[in-house]
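# Coordinate inspection notes
Each chain, letter by letter, is given below.
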Amino acid sequence: MATIDFAILLANGSQTVVDDDGQSVTITATFTSDFFVNGSGDVQTDNAVDTDADSFTLTFSNPVENLTFTVGDVNSNGFQGGFNDQMVVESTLNGTPVVTTLSSGTSGTTAVYEAPFDTNITQTVTVAGPFDQITLTNFDPDQQHGWLFLNTAEVQNVVCFTAGTLIATRNGQIAIENLKPGDLIMTRDRGFQPLRWIGTKEITPAMLRRNEKLRPVRIKAGALARDLPVRDLQVSRQHRMLAVSRISERMFGAEEVLIAAIKLTELPGIDVAPVGGPVTYFHMLFEQHEIVYAEGTPTESLHTGTEAMKTLPHASVEEISILFPELMGGKTSRPAARIIPDGKRQKQFVSRTAKNNRPLVSQLV
């Protein structure tokens, strides 16, 4: 996960951030002239109550996934005759519209929220992506509008297993480094499915010293539920594990959701592995995003997206482009196997799970 600071963007016009896998992306921002940093450190639209549109555009040097940020919205029924805001948010990848999700209002390739008078809210904006540009405009063609407040945004991405991880296959438990394309892998939704591609990425000791975020997350045996995983499991920080829980059903309307491994370090028996030697990460790719079983535990396969693809070695990208030409250039966005909550909601879910002393996987899998 990488944090984008709107105050830095307003002051400098750009910001370079590094994600959890050590990949950098530069965000270039354009704001209408009326934005400013207020006394609370938030970026605010102008103090005027008028009909002039306030907008900003963020352009990313490389496509990214899973952006989320909040917008504080202030409206009034009486001040200076009353005002309300109408927010329109549009995201694109190479000029092609991408769906934007709003916590209130209408989500879609053109996401819209029109605030009732005298109603102040905090709007959450999420773009699963991949995408490379987003524009938010605040205006009302029939009514003067008020103020918006911005602070930070988050982006995140890639998933992989470490060497030695046992994967459930038709031929039993096989170490991931011994798998090959065509092997039949047990999936949660579609039974045994052929592995289309498997790739590796070597993380050297020098890379680990420069960036500790490249260290894997260690999930000790039995940390997720009784006998799950059956042995210690190591995955990359953004690798997502399947949660099966009544808590997730109450929070997200779905009993099963995917949670990033780094978010799980709040739970007992899960931490960042103190490794010093090289780490080899493995990526498994199927015809679609799948839930597979690693050390007996349900978890995800590689979820392709442009941002995920750019973290792979060039040779791996070339191989995938031959097998899946539709993935190149962001032309196709594959649906996720399960709901992937935004980062803050994942953190809240894990906190509730820990507070209630509940296993992450609460039912027989």
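Structural notes, computed from the coordinates. (Residues numbered from 1 in each chain as written. Predicted model: local features only at pLDDT ≥ 70, side-chain atom pairs only at ≥ 80, totals over all residues. Heavy atoms only, no water.)

Secondary structure assignment for the protein chain yields six helices and 28 strands. For the protein chain, the residues scored as buried account for 51% of the 365 residues in total. Long-range pairs, those at least 24 residues apart, make up 69% of the contacts in the protein chain between residues at least 6 apart in sequence. Counting only carbon and sulfur atoms, one obtains 48% of the accessible surface of the protein chain, whose full area is about 15,300 Å². (Helix = DSSP H or I, 4+ residues; strand = E, 2+ residues; numbered from the N terminus. Buried < 20%, exposed > 50% of the residue type's maximum accessible area, 1.4 Å probe, protein only. Contact = heavy atoms within 4.5 Å. Areas by Shrake-Rupley, 256 points an atom, 1.4 Å probe, with all protein chains shown as cover.)

Looking now at the pattern of salt bridges. Oppositely charged side chains may form a pair once their charged atoms are brought near each other. Tallying each qualifying case throughout the model produces nine salt bridges. Glu290 is paired through a salt bridge with Arg190; the nearest N and O atoms lie 2.4 Å apart. Here Glu290, found in the loop between strand S26 (279–285) and strand S27 (291–294), pairs with Arg190, found in the loop between strand S18 (184–187) and strand S19 (191–194); they are 100 residues apart in sequence, far enough to count as distant. Using a relative accessible area of 33% as the deciding quantity, one classes Arg190 as partly exposed. A salt bridge links Arg231 to Glu295; the shortest N-O distance between them is 2.8 Å. One end of the pair, Arg231, is in the loop between strand S21 (217–219) and strand S22 (233–235); the other, Glu295, is in the loop between S27 and strand S28 (297–300), and 64 residues separate them in sequence. Put simply, Arg188, Asp189, Glu256 and Arg338 are held in one network by salt bridges that share partners. (Salt bridge = Lys/Arg side-chain N within 4 Å of Asp/Glu carboxyl O.)

Quick look at the nonpolar core now. Counting residues in hydrophobic clusters, the biggest one holds 42 residues, and the most contacted among them are Ile176, Leu179, Leu224, Leu264, Met284, Phe349 and Leu360. At the level of elements, S21, S22, strand S23 (240–244), helix H3 (246–252), strand S24 (256–260), S26, S27 and helix H6 (343–355) are the ones that each hand at least two residues to this core. Excluding its chain neighbours within four sequence positions, the residues that come into contact with Ile176 are Phe161, Thr162, Ala163, Gly164, Thr165, Ile167, Ile198, Phe282 and Met284. Phe56, Val89, Ile134 and Leu148 belong to the second-largest nonpolar core, a separate cluster that totals 36 residues. (Core = buried A, V, L, I, M, F, W, Y, C linked by side-chain atoms within 4.5 Å.)

With that settled, consider H6. Between the first and last C-alpha of H6 there are 18 Å, a value that for 13 residues agrees with the 18 Å anticipated at 1.5 Å per step. Inspection of H6 places Gly343, Gln346, Phe349, Val350 and Thr353 among the buried residues, and these make up the whole buried set. What you see down the axis of H6 is that its buried residues fit within an arc of 120 degrees, all on one side. Looking at H6, the residues exposed on the side facing more than 90 degrees away from the buried face are Lys347 and Lys355. (Expected span 1.5 Å × (residues − 1). Arc of directions from axis to C-beta.)

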